[in-house]
Amino acid sequence: QVRLVESGGGSVQAGGSLSLSCVASGYTYCNFDVSWFRQTPGKEREFVSLIDSDGSTTYADSVKGRFTISQDKSKNMVSLQMNDLKPEDSAMYYCKADSRRRCPAPVVAGSPYWGQGTQVSVSS
């Protein structure tokens, strides 16, 4: 199947920046839509950003203009550049990969794939 590993989380002061990475391994020879979600204790996991396999991007209103999602297909990696961080951005950040229809059936069956998360803490 597909394994996702996030990295890049940490503790920063408000106004600072972090760059998160999501690296995929396993079967990565078909196209995936990759998104970032975040979650704090007691709240539902919320959508942050999406990049389609064709490169089209989508952002939640709360991060629009501050976060940038990008992909490096050669490295099977999706990044989330987070600028002007605010305390309300503090959360566990997860990446999610959704296989497209042209992926092999076993890969589609296991979709979506989630990473284990990376913690982002922003202090005021």
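Regarding its fold elements, the protein chain presents 1 helix and 11 strands. The N-to-C order of helical and strand elements in the protein chain reads β-β-β-β-β-β-β-β-β-α-β-β. Against the globule reference of 14 Å for 124 residues, the protein chain gives a C-alpha radius of gyration of 14 Å, in line with a compact fold. Principal-axis analysis of the C-alpha atoms gives the protein chain an extent of 45 × 30 × 25 Å. Within the span of the protein chain, comprising 124 residues, buried residues form 39% of the whole. Considering only contacts within the protein chain whose residues lie at least 6 apart along the sequence, 56% involve residues at least 24 apart. The protein chain carries 13 positive and 12 negative side-chain charges, and their two centres are separated by 5 Å.

Here we take up the sheet that holds strand β1 (residues 2-7). Within a sheet, each strand pairs with its neighbour through backbone hydrogen bonds, oriented either parallel or antiparallel. Strand order in the open sheet made by the 4 strands is β1-β3-β8-β7, with antiparallel pairing throughout. Since the sheet does not close on itself, it has two edges, and those belong to β1 and β7 (67-72), each with one partner. Here the strands of the sheet are splayed against their neighbours by 15 degrees on average, with no regard to which way each runs. Here β1 runs beside strand β3 (residues 18-26); their pairing, made up of 6 bridges, is antiparallel. For Val5, the partnering residue across the bridge sits in β3 and is Val23.

Parameters at a glance
Residues numbered from 1 in each chain as written. Predicted model: local features only at pLDDT ≥ 70, side-chain atom pairs only at ≥ 80, totals over all residues. Heavy atoms only, no water. Helix = DSSP H or I, 4+ residues; strand = E, 2+ residues; numbered from the N terminus. Rg over C-alpha atoms; globule rule 2.2 N^0.38 Å. Buried < 20%, exposed > 50% of the residue type's maximum accessible area, 1.4 Å probe, protein only. Contact = heavy atoms within 4.5 Å. Lys, Arg positive; Asp, Glu negative; His and termini not counted. Charge placed at Lys NZ, Arg CZ, Asp CG, Glu CD. Pairing = 2+ DSSP bridges. Axes fitted to C-alpha atoms, helices over the stretch in contact; angles between N-to-C directions.

Structural measurements only, silent on function.
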